[in-house]
Amino acid sequence: MHELAICQSLINQLENIATERNAQSISLVVVGMGPLSGVEAQLLKNAYPIASAGTIAEKAELVIEQLPIKVKCNDCGCESDATPNKLICKQCGNWRTTLISGDELMLMSVELEKDDTDKNHPNINKSGINKPDKSKLEKTQASHSATELKPAANTGLH
Amino acid sequence: MCDTCGCNITHGNENFIKPGGKLHKTESGKEAVSVLHNLLSENDHTAKHNREHFDQHQVLAINLMSSPGAGKTALLEATIQQLDKNLRIAVIEGDLETENDAERIRKHGVKAIQIATGSACHLDAHMIHQALHNLDLSEFDIVFIENVGNLVCPASFDLGQHQNVTLLSVPEGDDKPAKYPVMFRASDLVLISKSDLLPVLDDFKPQRARQYLQDIASSAPILELSSKNSEGMQAWFDWIKQQIKTRKDYLLQHPLVTHSHSHEHVHQQTHEHG
């Protein structure tokens, strides 16, 4: 269950971003990962409510996007799709390939909620941490719909 | 992959990540911020810091990983006994509980620091950094880090080591690289341990393990060895010595730029921070 540790690291990054940009809360978090990152999407999703409890990212929706596994042949240069334990070139069968997609574990983007004052004056209170405005939070969160998590690719792990 | 130079964006995944891509979407009424940070950047930052400490003292750091019971501690004991005595060894042991492994190492007169991870299934760079506070690196040439026995989680965490070595013991079966591709992809050297059991467990075919490693595009060398009867140990020692030489040569060509940062804590052992 190293997903919890990774999720805690994610929350630290989210808190830093929210502080830097003087946001009231975070409504959406998009994480991109490949099957060779060693992390299970569903386990990360399960860990998120635990790691985010009491933080500025507590109410955010976590969307996890699976990136495909792709390799480039070191000999023929062909790029092909691959599976976690078969990273060979589909064109010539060569095993000397370079992974060009599939081991990512990245925070791609976040969606921040700010109050109107901050939107007009982005430099106000740049170094401080604003307390979330609860009435604003409830209003915006209510209109935010959940996105279904895509089925995780079979990584052959666990 | 790193966060600073953008090397985590390749032409293989950029279509998904860059503006207009599948993952780059903005909903109205909210501020979307593109980040593209590795989730483990905090760990990786500390790992880099650890590696700088090792390099300042020209210490080779080897991260030993395997399933529980594959023979990591036995390999270390045999290595301590048989490796050239002029190579000074220290060991950092990671286990969920007990000091048992550290005590086994200490019986050989070697400094061992035990990290009890509690419920954590892996070591991370912060734990190693803590351990380094109790280790005067100027007294050593090699630091072995014996990771928690686990073929899944440790693969995701850079500790600041120079080389990852994964043990695949004969009783485990030769298809472990296919079952745990993330771990074996991260390995710089694979040791088929308990090779003395090959005659009785003849369904383990070293050649098949090699094939599975090639299937995951790994060019890591494979050595067969037995800590019990010492067969194959010399090749392991030669590999270690080669790594020490390679690292020293690298550091000659790429002198360290001493890192400058402040620590909020006091070190028991001194190490320079530039």
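Residues numbered from 1 in each chain as written. Chains lettered and ligands numbered in written order. Predicted model: local features only at pLDDT ≥ 70, side-chain atom pairs only at ≥ 80, totals over all residues.

### Points about the overall build of chain B
Part 1 of the reasoning: A count of helical and extended segments in chain B gives 9 helices and 8 strands.
Part 2 of the reasoning: The buried share among the 274 residues of chain B stands at 41%.
Part 3 of the reasoning: Taking contacts inside chain B between residues at least 6 apart in sequence as the whole, the part at least 24 apart equals 72%. (Helix = DSSP H or I, 4+ residues; strand = E, 2+ residues; numbered from the N terminus. Buried ≥ 20, exposed ≤ 12 C-beta atoms within 10 Å, placed from the backbone. Contact = placed C-beta atoms within 7 Å.)

### Quick word on unusual backbone geometry
Residue and element names in this part refer to chain B.
Part 1 of the reasoning: In this model, Leu-36 sits at a positive phi of 55°, which is unusual for a non-glycine residue.
Part 2 of the reasoning: Relative to the elements of secondary structure, Leu-36 occurs in strand β1 (residues 31–38).
Part 3 of the reasoning: Phi angles above zero are rare outside glycine, and Thr-98 is one such case at about 75°.
Part 4 of the reasoning: Relative to the assigned elements, Thr-98 resides in the loop between β3 (89–95) and α4 (100–106).

### Topic: the sheet that holds strand β1 (residues 25–33) of chain A
Part 1 of the reasoning: Spatially, β2(A)-β1(A)-β6(A)-β1(B) is the arrangement adopted by the 4 strands of the open sheet, whose pairing is mixed. Because the sheet does not close on itself, it has two edges, and the strands there are β2 (61–66) of chain A together with β1 of chain B. This sheet shows a mean twist of 20° between the axes of neighbouring strands, independent of strand direction.
Part 2 of the reasoning: Where β1 of chain A lies against strand β6 (residues 105–113) of chain A, 8 bridges are found, and the strand directions are antiparallel. Within the sheet, the bridge partner assigned to Ser-25 of chain A lies in β6 of chain A and is Glu-113 of chain A.
Part 3 of the reasoning: Packing against the sheet, helix α2 (residues 41–52) of chain A makes contact with β1 and β2 of chain A, and its axis sits at approximately 170° to β2 of chain A. (Pairing = 2+ DSSP bridges. Axes fitted to C-alpha atoms, helices over the stretch in contact; angles between N-to-C directions.)

### Re the pairing of strand β4 (residues 111–116) of chain B
All names here are of chain B.
Part 1 of the reasoning: In this sheet, β4 lies alongside β3 in parallel orientation, the contact comprising 6 bridges. Paired with Ile-92 across the two strands is Ile-113, which belongs to β4.
Part 2 of the reasoning: Read as a crossover between parallel neighbours, the route from β3 over α4 to β4 is right-handed. (Right-handed = clockwise from strand over helix to strand, strands pointing away.)

### Comments concerning the interface of chain B and chain A
Many authors give the size of an interface as the accessible area that is lost as the parts come together.
Part 1 of the reasoning: Taken together, the 41 residues of chain B in the interface contact 46 residues of chain A.
Part 2 of the reasoning: The leading source of residues in the side of chain B that touches chain A is β1 of chain B, at 8 residues.
Part 3 of the reasoning: The class makeup of the residues in the side of chain B that touches chain A is 19 nonpolar, 13 polar and 9 charged.
Part 4 of the reasoning: Pairing between β6 of chain A and β1 of chain B: 6 bridges, direction antiparallel. (Nonpolar A, V, L, I, M, F, W, Y, C, P; charged D, E, K, R; others polar.)

### Remarks on the sheet that holds strand β3 (residues 70–73) of chain A
All names here are of chain A.
Part 1 of the reasoning: One open sheet accounts for 3 strands, arranged β4-β3-β5; its pairing is antiparallel. Among the strands making up the open sheet, the edge pair consists of β4 (79–81) and β5 (97–101). Along the sheet, successive strands turn relative to each other by an average axial angle of 35°, direction set aside.
Part 2 of the reasoning: Note that β3 and β4 share 3 bridges and pair antiparallel. Note that in β4 the partner of Lys-72 across the bridge is Glu-79.

### A few points about the nonpolar core
Nonpolar side chains tend toward joint burial in soluble globular proteins.
Part 1 of the reasoning: Membership of the largest hydrophobic core comes to 69 residues, with the highest contact counts inside it found for Val-91, Ile-128, Ile-142, Val-143, Phe-144 and Ile-145 of chain B.
Part 2 of the reasoning: When residues no more than four places from it in sequence are discounted, the contact partners of Ile-145 of chain B are Ala-61, Ile-62, Asn-63, Leu-64, Ile-92, Leu-123, Ile-128, Leu-159 and Gln-161 of chain B.
Part 3 of the reasoning: Ile-11, Val-29, Val-31 and Leu-44 of chain A belong to the second-largest nonpolar core, a separate cluster that totals 36 residues. (Core = buried A, V, L, I, M, F, W, Y, C linked by C-beta atoms within 7 Å.)

### Details of the confidence of the model for chain A
Residues and elements named next belong to chain A.
Part 1 of the reasoning: Mean pLDDT over chain A stands at 80; residues scoring 70 or higher make up 72%.
Part 2 of the reasoning: Within chain A, β3 carries the highest mean pLDDT (98), whereas helix α4 (residues 134–142) carries the lowest (39).
Part 3 of the reasoning: Note on residues 118–158: pLDDT is under 50 here. Beyond four places in sequence and across chains, it has 53 contacts. (pLDDT = per-residue confidence, 0-100.)

### Observations regarding helix α2 (residues 41–56) of chain B
For an α-helix the count is 3.6 residues per turn, leaving residues at separations of three or four pointing the same way.
Part 1 of the reasoning: For α2 of chain B, with 16 residues, the first-to-last C-alpha span of 22 Å sits near the 22 Å given by 1.5 Å per residue.
Part 2 of the reasoning: Regarding α2 of chain B, the residues found buried are Asn-43, Ala-47, Asn-50, His-53, Phe-54 and Asp-55 of chain B.
Part 3 of the reasoning: Tucked into the core, α2 of chain B has its buried residues touching α1 (2–20) of chain A together with β2 (60–65), α5 (125–132), β5 (142–146) and α9 (233–253) of chain B.
Part 4 of the reasoning: Phi for Gln-58 of chain B, located one or two positions after α2 of chain B, is positive at around 50°. (Expected span 1.5 Å × (residues − 1).)

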